[in-house]
Amino acid sequence: MKRGGKILWERLQPRMAAAPISPDARAGRPAGRTARGFTLLELLIAIAIFAILGLATYRMLDSVLSTDAATRSHEQQLRELVRAMAAFERDVLQVAVRPIRDPFGDPQPALRSEPSDASALELTRAGWRNPLGQPRAELQRVRWQLSGEQWQRRYWRVLDQAQDSQPQVQQALDGVQALSLRYLDDEGQWHADWPPPNAAGDGLLTDLPRALELRLDHRRYGELRRLLRLPDAPPQSAVPGPGEGEGEGEGDPEAPEEPQP
């Protein structure tokens, strides 16, 4: 019996050695189960999901960036508006009763409008700081006017102008579609121009309005209105005429700085 079993084992051993070993047997998996990858449909579904997530993320990021850009633009325009209004108010509240001479030698009022341009205002202001002690006055002739949609501030380095006197131009505010000014006299009457039609004599050059109304139509902020009360005028005896006081107060370190729109 033992001899017969030995003979049978010797006959089966070569066949078992020649039989191939399956991948499942090598990996220790049960026979009959093979490894599978993703199908084409599964890959397409995964790619579509990632594309939808990427598109949603891009739209959210683009919305955040657009909101930030709009906020920055609004902040910049608001800052420009506040700065321009503050510079205009500073000039008006520091008005000085000092008539000047134009390039042709004709006297001009201390504060005047222009009948052909309702947005124009020209005046003499005090407080032009002179830290370098240059040979000039602390009074300054300035002019505000609308050029297109640009509200401009112009100033001259001299009070009594010569033929070659050219103003320095500062861009105060952009986007101004319309601008108008009105002036209140001592009798409580509003005038579109200054000096008023009933002014005569020295008052034509030295009279100041009691108040000034500014109406500004901005492209973004709509109509804005400011009402400014001007300082009281000094007595007529203390008012310098054209050509007087050109070099007074040079080098005063306590004078306020030159306004910047």
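Scroll up to find the structure.
Residues numbered from 1 in each chain as written. Predicted model: local features only at pLDDT ≥ 70, side-chain atom pairs only at ≥ 80, totals over all residues. Heavy atoms only, no water.

Q: Which parts of the structure should I look at to understand the side chain of His191?
A: Along the chain, His191 turns up in strand 9 (residues 190-191). On the accessibility criterion, His191 (15% relative accessible area) is buried. Within polar-contact distance, the side chain of His191 engages the side chain of Asp185 at 2.7 Å. If near-sequence neighbours (up to four positions away) are discounted, His191 is found in contact with Arg182, Tyr183, Asp185, Pro196 and Pro197. (Helix = DSSP H or I, 4+ residues; strand = E, 2+ residues; numbered from the N terminus. Buried < 20%, exposed > 50% of the residue type's maximum accessible area, 1.4 Å probe, protein only. Polar contact = N/O pair within 3.5 Å; in protein donor to acceptor, adjacent residues only side chain to side chain. Contact = heavy atoms within 4.5 Å.)

Q: How should a nonpolar patch on the surface be read in this particular structure?
A: Where nonpolar side chains cluster on the molecular surface, the patch consists of Leu41, Ile45, Ile49, Phe50 and Leu53 and spans about 560 Å² of accessible area. Among the secondary structure elements, Phe50 is positioned in helix 3 (residues 40-93). Residue Phe50 is classed as exposed on the basis of its relative accessible area of 63%. (Patch = residues over 30% accessible without salt bridge, like charges linked within 9 Å, V, L, I, M, F, W, Y side chains within 5 Å. Areas by Shrake-Rupley, 256 points an atom, 1.4 Å probe, with all protein chains shown as cover. Salt bridge = Lys/Arg side-chain N within 4 Å of Asp/Glu carboxyl O.)

Q: Got a minute to help me understand unusual backbone geometry in this structure?
A: With the exception of glycine, most residues fall at negative phi, and the peptide bonds are largely trans. Trp194 connects to Pro195 through a cis peptide bond whose omega is 0°. For Pro195, the position within the fold is in the loop between strand 9 and helix 4 (203-206).

Q: How should I be thinking about the pattern of salt bridges in this particular structure?
A: Opposite charge on two side chains lets them pair, provided their charged atoms get close. Going through the model one piece at a time under the given rule, you end up with 16 salt bridges. In this structure, the salt-bridge partner of Arg125 is Asp91, at a minimum N-O distance of 2.7 Å. Remark: Asp91 occurs in helix 3 and Arg125 occurs in strand 4 (residues 117-125); sequence separation between them is 34 residues. Comparing Arg125 with Asp91 shows no difference in burial state: the two are buried. Residue Asp232 pairs with Arg229 through a salt bridge whose shortest N-O separation is 3.7 Å. Residue Arg229 is classed as exposed on the basis of its relative accessible area, which comes to 61%.

Q: Would you explain the environment of Pro196 in this entry?
A: Along the polypeptide, Pro196 turns up in the loop between strand 9 and helix 4. A C-alpha to C-alpha distance of 9.5 Å links Pro196 and Arg112, two positions 84 residues apart in sequence.

Q: Where do I start with the nonpolar core in this structure?
A: When a protein is soluble and globular, its nonpolar side chains tend to lie buried together. Core analysis: the largest hydrophobic core is formed by 30 residues, its most contacted members being Phe88, Leu111, Leu121 and Trp151. Those elements that provide at least two residues to this core are helix 3, strand 4, strand 5 (140-147), strand 6 (150-156), strand 7 (168-174), strand 8 (176-184) and strand 10 (211-218). Ranked by the residues each element gives to this core, the list is headed by helix 3, at six residues. Within the second largest apolar cluster, five residues are counted, among which are Ala96, Ala137, Leu139 and Leu159. (Core = buried A, V, L, I, M, F, W, Y, C linked by side-chain atoms within 4.5 Å.)

None of this, on its own, says anything about what the molecule does.
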